[in-house]
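Here are the chains, one letter per residue:
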Amino acid sequence: MRILIKTGRVLDPGKTDLVADMLIIDGKIADIQPPGSQALSQSSVDTEIDATGCIVSPGLIDMHVHLREPGHEYKETIESGIQAAAAGGFTAICCMPNTSPVNDNAQITRYIVDKAASFNAVRVFPVGAISVGLEGAQMAEIGEMKSAGIVAVSDDGRPVVDSLLMRRAIEYAEGTGILVISHCEDPYLSDGAMNEGPFATRLGLSGIPNASESIMVMRDIALSELTGCRVHFAHVSTRESIEAIRAAKQKGIRVSAETAPHYFMLTDNAVAAYDTHAKMNPPLRSEKDRLAVCEALADGTIDVIATDHAPHAMLDKAVEFDLAANGIIGLETALPLALSLVQKGVISMEQLLFKMSANPAGIIGLKSTLDIGESADITIIDPDRVFTYKADSGRSKSRNTPFDGWEFKGCAICTMVNGRIVYRV
Amino acid sequence: MTWTKKDILDIESLSRDEITMLLETASGLKEISERSIKKVPTLRGKTIVLFFMEPSTRTRISFDIAAKRLSADSISISASTSSIVKGETLIDTARNIEAMRPDILVIRHSSAGAPHLIAKHLSVSVVNAGDGMHAHPTQALLDMLSVREVKKEISGLNVAIVGDIAHSRVARSNIIGFSRMGAHVTIAGPPTMIPAGIEALGTTVAASVDAAIENADVIMMLRIQKERQKRFLMPSEREYAVRYGLNKSRLACIRPDALIMHPGPINRGVEIAPEAADGPNSIILEQVTNGVALRMAVFYLLAGGVRNADSD
Ligand SMILES: [Zn+2]
């Protein structure tokens, strides 16, 4: 099987940036040559992709996805989730353990790994639970789950309230070669439905203050400093968390951080008339926080853009605001939303690719490369393609997004995993 | 001016003219309740459903009496008799009620925004009878009606609202309503009960209860809602009564013509002393009387009653 990607801007940030033809043979990147070069055009190919005006990038990686299988297949299955990922330009995703049953043991991990592999499409790397049943009481069998295929542990959806458990988890996980992802939230302070502030007060909804997040960020920075072990912060949303992470990094503490597109695109005024598509955890914050998130993306304090793709059926969302489920889908909108930051000059295209491929790869221990001889996990991005996003025509089983009907500029036009085309416009 | 709104969901969505129209209509209808035969045929053949997902006797009775005085058929559905307890969603329950063709659906619900959710999905007129901590528009309107009766003009008055502002839909609706009508609204209470950014609704936060009430034309005391209290808002009712209640010593410092109000039910000796609740400045019972007239006006305008019909 030979695929020729013609005249794309081959962009492996920090390493390669040139307009070239790329030849893929049997799943591997075989050659990269100047456009129209004799060496490539002479060889016969099975598929030719015209990438003129497009970026040929290492495959995008989303390190924060909820796939809902096993247990909540009416919201999303592994199959529908990886289809949505492929359409969004992702060649690899990490799925969070808050399924039913929880991915807190090797059997569940193996189930997810095997099921995902059976579709031979986007790579799925499960994240195991830190604690049994996400209950924050007893450490899960992190080593056994690692053998079965997890790349990280997290109690995502819930914080680890017990500071001793968190300390032991990051120590133990480090010894197993596993990353700990912290869902930073003080549950005592976060008993609310949206961001604390004038909008919540006007709507009569109880508020979740910024401090509910930054308190936990600061605690886990302290634990990382104490133990010397790595901690990764999920879905960072507040300026205080960002300041703490920035200071920690300057001190050499081994922390990394991600944010989600909604935190750099939207604020708490999106809740407006009790729109449950603007309900997530952490909640959409103030404009000051949104600007701080943009700044942190630009200066590198935030390493990763991840979706926190959280599918929910209408049944879970078309209810009273305080009873509605938290979260939105994001796999098919993350890249266009991130590209809007490039268009506004907030970050460069290289930074975008770092944050959506090389950085998450480095943090979890995956590959993100366009080197000759490596597996062809490639995303071809057309940065100029204008389209209207319709949630109804999305690949995800769920439709819970505040971006329905938005006009976007730029998206993935081809996603390739191990030289196999899993999505093409 | 003619009434054009389908629903009354909150004070925020009512213009100054609409509020005035509601108050004037209520003033006109009030006399019906003074007659020996307290009933006019205005809304004969109209059906009003009182859908109370949160327990409330007083407000429900007030709506019920208002409907009956206009000859509408009213029926009450409470949380325990509705299908919500059987797992039906709010929208489904509301759609089922609508399928029986009521003209007006009055809803009280513990979730902020629940009436808005229903109004979005249904074509029947929706009246919010209190949603979570968000809004209680008919209470604010009857409060404005009560003040206007005595003071003639709302514009220019100093209104003090004291107590648990954070958890009070009455406070939110009154802040917005009175400030929209031109009054200066000041709030006071323990800092734990003052929500973030409340100034944006059109009020200033006083440094103390004394500062809020000393020059007030209207003093509105809020009920300390024990049932909705979250933890740690105050040390004790005893301390609250001393530091934030309208007690005897504070009563001595208010303006002689100040009106004392309370949305009820009152906790005697906690947020309000008996001397204040029962004294000459109190219009607390007048508020209750006006509640019926105001709710009659709401039904009258929403059901498109003919103005002549009520003067039989
Ligand atoms: Zn999380």
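Residues numbered from 1 in each chain as written. Chains lettered and ligands numbered in written order. Predicted model: local features only at pLDDT ≥ 70, side-chain atom pairs only at ≥ 80, totals over all residues. Heavy atoms only, no water.

## Re the overall build of chain B
Note the following rule: Secondary structure elements are taken from DSSP: a helix is a run of H or I of four residues or more, a strand is a run of E of two residues or more, and numbering for both begins at the N terminus. A radius of gyration in this sense is built from C-alpha atoms; the matching globule rule multiplies 2.2 Å by the number of residues raised to 0.38. The buried label applies to any residue whose accessible area, calculated with a 1.4 Å probe on protein chains only, is under 20% of its type's maximum; exposed applies above 50%, and partly exposed to all values in between. Note on areas: Shrake-Rupley with a 1.4 Å probe; residue coverage comes only from the protein chains shown. In this count, Lys and Arg are taken as positive residues and Asp and Glu as negative ones, while His and the chain termini are left out. Every charge is mapped onto a representative atom, which is NZ of Lys, CZ of Arg, CG of Asp or CD of Glu.
Along the backbone of chain B there are eleven helices and nine strands. Its C-alpha radius of gyration of 19 Å places chain B within 12% of the 20 Å reference for a compact globule of 312 residues. Burial analysis of chain B (312 residues in total) assigns 59% to the buried set. Within the structure as shown, chain B displays about 12600 Å² of accessible surface, and the carbon and sulfur contribution to it stands at 53%. Here chain B holds 37 positive side-chain charges and 34 negative ones, and the gap between their average locations is 3 Å.

## Things to note about the coordination of the zinc ion
Residues and elements named next belong to chain A. How we decide: The donor definition counts N, O and S atoms within 2.8 Å of each metal and applies 3.2 Å to Na, K and Ca; water is not among these atoms, so some sites may look incomplete.
Taken together, the protein ligands of the zinc ion are Asp 156 (OD), His 183 (ND1) and His 235 (NE2), with distances of 1.8 to 2.2 Å. Of note, the zinc ion draws all its donor residues from one chain, in the sequence arrangement D-x26-H-x51-H. With a gap of 52 residues between them, His 183 in the loop between β10 (179–182) and β11 (194–195) and His 235 in the loop between β13 (231–233) and α8 (239–250) connect regions that are remote in the sequence. His 183 sits in the buried class, given a relative accessible area of 5%.

## Points about the interface of chain B and chain A
Definition in use: We call two residues contacting when some pair of their heavy atoms lies within 4.5 Å. Accessible area, probed at 1.4 Å, shrinks when two parts are joined; the buried area is that loss added up over both. Note on definitions: salt bridges are taken to be side-chain nitrogens of Lys or Arg within 4 Å of carboxyl oxygens of Asp or Glu. For this analysis, a polar contact is any N or O atom pair within 3.5 Å, provided that within protein one partner can donate a hydrogen and the other can accept it, and provided that sequence-adjacent residues contribute only side-chain to side-chain pairs. Residues are grouped as follows: nonpolar covers Ala, Val, Leu, Ile, Met, Phe, Trp, Tyr, Cys and Pro; charged covers Asp, Glu, Lys and Arg; every other residue, Gly included, is treated as polar.
Listed by partner, the interface residues are 24 residues for chain B and 19 residues for chain A. With both chains or domains summed, chain B and chain A bury close to 1600 Å², and 56% of this area falls on carbon and sulfur atoms. Remark: the boundary between chain B and chain A carries one salt bridge. Taken together, the links from chain B to chain A amount to seven residue pairs in polar contact (both at pLDDT 80 or more). Put simply, the parts of the chain that give the side of chain B that touches chain A at least two residues each are α3 (90–99) and α4 (114–121) of chain B. If one sorts the elements of the side of chain B that touches chain A by residue count, α4(B) sits on top with three residues. Residue composition of the side of chain B that touches chain A, by class: eleven nonpolar, eight polar and five charged.

## Quick word on helix α3 (residues 106–118) of chain A
All names here are of chain A. Using the following cut-off: In a helix, the anticipated span is given by 1.5 Å times the number of residues less one.
With 13 residues, α3 should cover 18 Å at 1.5 Å per step; its first-to-last C-alpha distance of 18 Å lies within 8% of that length. Between the side-chain oxygen at the start of α3 and the backbone nitrogen of Gln 107 there is a gap of 3.0 Å, and the oxygen is on Asn 105. Phi turns positive one or two residues past the end of α3, at Asn 120, with a value near 50°.

## Comments concerning the side chain of Lys30(B)
Residues and elements named next belong to chain B. In this fold, Lys 30 is placed in helix α1 (residues 16–30). At 2.8 Å, the side chain of Lys 30 forms a polar contact with the side chain of Glu 149. In contact with Lys 30, other than residues within four places in its own chain, are Glu 149, Glu 286, Thr 289, Asn 290 and Ala 293.

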